[in-house]
Amino acid sequence: MGANNETNKRSMVIVAILAAVIPLAVSSNYYLHVINLAGIYTLITLGLNLLSGYTGQVSMGHAGFFAVGTYVSALLAISAGIPFWAAAVVALVVTGACGAIIAIPAMRLSGPYLVLATVGFGEIIRLIILNWTPVTKGAAGLTGIPLPNFLGMQISSERDFYYLIFVVVALGTYIAYRLANSKIGRTLAAIREDELAAETMGVPVNRYKVAAFVISAVYAGMAGALYGVFSGVASPDNFTFDDSVAFLCMSVIGGNRTIAGAIIGTFMLTGLSEILRALQAYRLVIYGGILIFTVIYMPQGLAGIMASGNKWLAKRLAELSLFGKGAGK
Amino acid sequence: MQYLLNGLPIGAIYALVALSYSLIYTTSGVLNWSQGDMVMLGAYIGFALFQFWHVGFTAGLLVSMLVVGGIGVVVQYCILRPLRERQAPPINVVIATLGVAIVSRNIALAIWGPEAQVYPSPVSADPFALGVLSITPQDLLIVFTAIGLMLVLQYLLKRTKEGKALRAVAQDRYAAVLMGVDTEKSDAVAFAASAALGAAAGILVAPVFFVTFNMGAGIGLKGFVAAVIGGLGNIPGAIAGGFFLGVTESLAGGQISSGYRDAITFALLILVLWLRPSGLFLRKSRQKV
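Calculation rules
- Residues numbered from 1 in each chain as written.
- Chains lettered and ligands numbered in written order.
- Predicted model: local features only at pLDDT ≥ 70, side-chain atom pairs only at ≥ 80, totals over all residues.
- Helix = DSSP H or I, 4+ residues; strand = E, 2+ residues; numbered from the N terminus.
- Rg over C-alpha atoms; globule rule 2.2 N^0.38 Å.
- Buried ≥ 20, exposed ≤ 12 C-beta atoms within 10 Å, placed from the backbone.
- Contact = placed C-beta atoms within 7 Å.
- Core = buried A, V, L, I, M, F, W, Y, C linked by C-beta atoms within 7 Å.
- Axes fitted to C-alpha atoms, helices over the stretch in contact; angles between N-to-C directions.
- Parallel < 35°, antiparallel > 145°, perpendicular 65-115°, else oblique.
- Left-handed = near helix turned anticlockwise from the far one by under 90°.
- Nonpolar A, V, L, I, M, F, W, Y, C, P; charged D, E, K, R; others polar.
- pLDDT = per-residue confidence, 0-100.
- Expected span 1.5 Å × (residues − 1).

Visitor: Please explain the overall build of chain A as it appears in this structure.
Guide: What chain A contains, in helices and strands, is 14 helices and two strands. Relative to the 2.2 N^0.38 estimate, which gives 20 Å for 329 residues, the radius of gyration of chain A is 21 Å and therefore close to what a compact globule would have. Taking the principal axes of its C-alpha atoms as reference, chain A extends roughly 80 × 55 × 45 Å. Residue burial in chain A is summarised as follows: out of 329 residues, 46% are buried. Of all intrachain contacts in chain A linking residues separated by at least 6 positions in sequence, the fraction that spans at least 24 positions is 77%.

Below is the structure:
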């Protein structure tokens, strides 16, 4: 386990360095835009993995939290002129509160019932945004969300946003990683594996479940705050049930029981849906087919495949070196 | 009172879809998100039959149920059986059925395009008075066909060998295997029956709403809500849940606000889930520990 953590840390550093130089290598604004979007979605999937993967509480309503984050921060910025970071903090508090509210009925539910409660939550949020026209501008949506400042710099180009999002995602990944590999993460996994047993061992199951919901909601809220300033506009169409489903797919396809899985899944599926654009009408047919194929043949997600690939490689390498030694004799 | 009556036809549709969710859930434990798209496929097949061969309503209904039932069997054998053999976690099964929904929705989009298609009603849509109330022959057709289908289903479940096997599997899958029931077959029967029920709902609803490639999403979700309100896996509960949801929606839309109608429905649903996790109409609470 210790060695595993070392390699994990090392690969994280490598990924971070690679990520920092990406905008220098990618000149096209379109690619950067897609990468930025995937970065924002990564925050949501990170939260989903903590909630669904670690705690076993499946949510199909995360677009709701995402929407709350976007609208709260954007409305504060537009109507009260509050700077981005302050607005984002308020948005995080509000989404966290939403997470706690939905967690109360969710505590008692599992399986399909929990799924439906979260779907209901997501739909309620979308419908409120759609119908509360005086505040949310209804179907027309919000426009002219002001650009953010970061350390006194105005963030405006795709590259600026890349670094802003990169910093937030890196921080989010770090926190998620620390959480997942702490006592809290192990407790959450214990609840997933056997709630009753965890309860018997003295785990305050309900408190942890609420905490998982709140943390997960806060992640989606942060993604929402970034999304608002990044796209400059927001409408109820950005936060549908289909989006919630897409987030869940990213989490499961990547492998929802690891932190790396969230990142892998999000970038894979976001990239895939862009690549498949060339196929036009058949894009989503193939996308759906790939989803089905992946959940059947890679039940642990892409991260699971990579982990077993690593093991296989390590084994082969060990064999090789053994063989080398033998030959040297 | 009029709202109550208005809620009945849509309630009947929800009841059919709720039944289809419950039937699959109770036998194989699968939460099948592609049920709504079976409704959509049913409506499109009925529409295509009418458009190209001028097949009438009754024949269209039967053929469409047969075809979509076949699709249900294919889904069970090609997708859910391998998942079960690999003992995939439930969330993977959910994603797989969502994948089926995405695929079928977009195949329909590729074939029929994004425009809404009109499926003519076999009966008139002009309301006639019923005392102080009014109802259309169209609505009556929906309600009575749905009730007829439910009775047929009940008969099949109670009287045929396949139906009995299905109920046995629903009660205790493991014991059913020990008694020599072919669970794969009864899963296939459940999927076929569910898909066929969905297709029937699709044809019935087609003249009221237009036929579109994404019509399944809304109806499917509402059907699922109805199934959960009635207690997922509980057949009479699904029917009651469907009618209850239809009437509630009609009341909420008419009396409170049409924009917030669905929000009210979902808030009510969360309340039901919170207070009665095993469904509104289940007397015994069977919370598994």
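So that's the structure; there's more coming.
Visitor: Before we go on, may I ask you to explain the overall build of chain B in this structure?
Guide: Secondary structure summary: chain B contains eleven helices and two strands in total. At 19 Å, chain B has a C-alpha radius of gyration in line with the 19 Å of a compact globule built from 289 residues. Along the longest, intermediate and shortest principal axes, the C-alpha atoms of chain B span 55 × 45 × 35 Å. Within the span of chain B, comprising 289 residues, buried residues form 54% of the whole. Intrachain contacts of chain B at a sequence separation of at least 6 include 75% that bridge at least 24 residues.

Visitor: What is the right way to read the nonpolar core from this model?
Guide: The nonpolar side chains of a soluble globular protein tend to be buried, and buried together. Of all hydrophobic cores here, the largest spans 198 residues; its most connected members are Ala223 of chain A together with Ile13, Ala15, Leu16, Leu19, Ala43 and Ala200 of chain B. A total of 16 residues in this core trace back to one element, the largest contributor, which is helix H10 (residues 205-231) of chain A. With residues up to four places along the chain from it excluded, the contact list for Leu19 of chain B reads Met150, Leu153, Leu197, Ile235, Ala238 and Ile239 of chain B.

Visitor: Just to check I follow, could you spell out the environment of Gly221 of chain A for this structure?
Guide: All names here are of chain A. Inspection of the secondary structure assignment puts Gly221 in helix H10. In this structure the C-alpha to C-alpha distance between Gly221 and Cys98, which are 123 residues apart in sequence, comes to 9.9 Å. Once residues lying within four places of it in the same chain are set aside, the contact partners of Gly221 are Phe65, Val68, Gly69, Ala91, Leu92, Thr95 and Gly96.

Visitor: Sorry if this is basic, but what is going on with the packing of helix H11 (residues 241-254) of chain A against helix H4 (residues 90-112) of chain B here?
Guide: Helix packing geometry: the angle between the two helix axes and the distance between the axes. Where H11 of chain A contacts H4 of chain B, the axes come no closer than 11 Å and their chain directions differ by 130°. Between H11 of chain A and H4 of chain B, the interaxial angle falls into the category oblique. Relative to H4 of chain B, H11 of chain A is oriented so that their crossing is left-handed. Within the contact between the two elements, H11 of chain A uses Val245, Cys249 and Val252 of chain A and H4 of chain B uses Ile91, Asn92, Ile95 and Leu98 of chain B. The residue makeup of the contact of H11 of chain A with H4 of chain B, split by class, is six nonpolar, one polar and no charged.

Visitor: Can you walk me through the interface of chain B and chain A in this structure?
Guide: Quoted interface sizes are often the accessible area lost when the parts come together. Taken together, the contacts link 38 residues of chain B with 35 residues of chain A. Listing elements by their share of the side of chain B that touches chain A, those giving two or more residues are helix H3 (57-85), H4, helix H9 (215-230) and helix H11 (261-275) of chain B. Here the element with the most residues in the side of chain B that touches chain A is H4 of chain B; it accounts for 14 residues.

Visitor: Help me understand the packing of helix H2 (residues 29-54) of chain A against helix H7 (residues 158-180) of chain A in this model?
Guide: All names here are of chain A. Contact geometry of H2 with H7 gives a least axis separation of 10 Å together with a crossing angle of 15°. The angle between the axes of H2 and H7 places the two elements in the roughly parallel class. Every pair of crossing elements has a handedness; the one defined by H2 and H7 is left-handed. Residues that form the contact of H2 with H7 fall into these classes: 16 nonpolar, seven polar and two charged.

Visitor: So what exactly am I meant to see when it comes to the confidence of the model for chain B here?
Guide: Any region with low pLDDT has predicted coordinates that should not be read closely. Residues and elements named next belong to chain B. The predicted model of chain B has a mean per-residue pLDDT of 85, with 95% of residues at 70 or higher. Contacts from residues 284-289, a stretch scored under 50 in pLDDT, to residues over four places away or in other chains number five contacts. Interface confidence for the predicted complex, expressed as ipTM, amounts to 0.84; the pTM equals 0.87.

Visitor: Explanation requested: the environment of Ser257 of chain B in the structure shown.
Guide: Within the secondary structure, Ser257 of chain B is located in the loop between helix H10 (235-256) and H11. A sequence separation of 88 residues divides Ser257 of chain B from Val169 of chain B, and the C-alpha atoms of the two residues are 44 Å apart.

Visitor: Help me understand H10 of chain A in this model?
Guide: Helical periodicity: at 3.6 residues per turn, an α-helix aligns residues three or four positions apart in one direction. All names here are of chain A. In this model, H10 (27 residues) spans 39 Å end to end at C-alpha, consistent with the 39 Å of a helix rising 1.5 Å per residue. Here H10 lies mainly inside the structure; 21 of its 27 residues are buried. One or two positions beyond H10, positive phi appears at Gly232, with a value near 80°.

Visitor: Explain H4 of chain B here, please?
Guide: Its 23 residues place the ends of H4 of chain B 33 Å apart at the C-alpha level, agreeing with the 33 Å of an ideal helix rising 1.5 Å per residue. Among the 23 residues that make up H4 of chain B, 17 are buried, leaving the element largely enclosed by the rest of the structure.

Visitor: Before we go on, may I ask you to explain unusual backbone geometry in this structure?
Guide: Trans is the prevailing form of peptide bonds, just as negative phi is the prevailing case for residues other than glycine. With phi around 65°, Lys137 of chain A is a residue other than glycine that occupies positive phi space. Note that Lys137 of chain A resides in the loop between helix H6 (133-136) and strand S1 (149-150). Phi at Gln87 of chain B is positive, roughly 50°, even though this residue is not glycine. Within the secondary structure layout, Gln87 of chain B lies in the loop between H3 and H4.

Visitor: Help me understand the environment of Tyr25 of chain B in this model?
Guide: Residue and element names in this part refer to chain B. Counting through the fold element by element, Tyr25 comes out in helix H1 (residues 2-28). According to the C-beta neighbour criterion, Tyr25 is buried, with 24 such atoms within 10 Å. Residues Tyr25 and Met38 lie 13 residues apart in sequence; the distance between their C-alpha atoms is 16 Å. With residues near it in sequence (within four places) discarded, Tyr25 still touches Val30, Leu31, Leu232 and Gly233.

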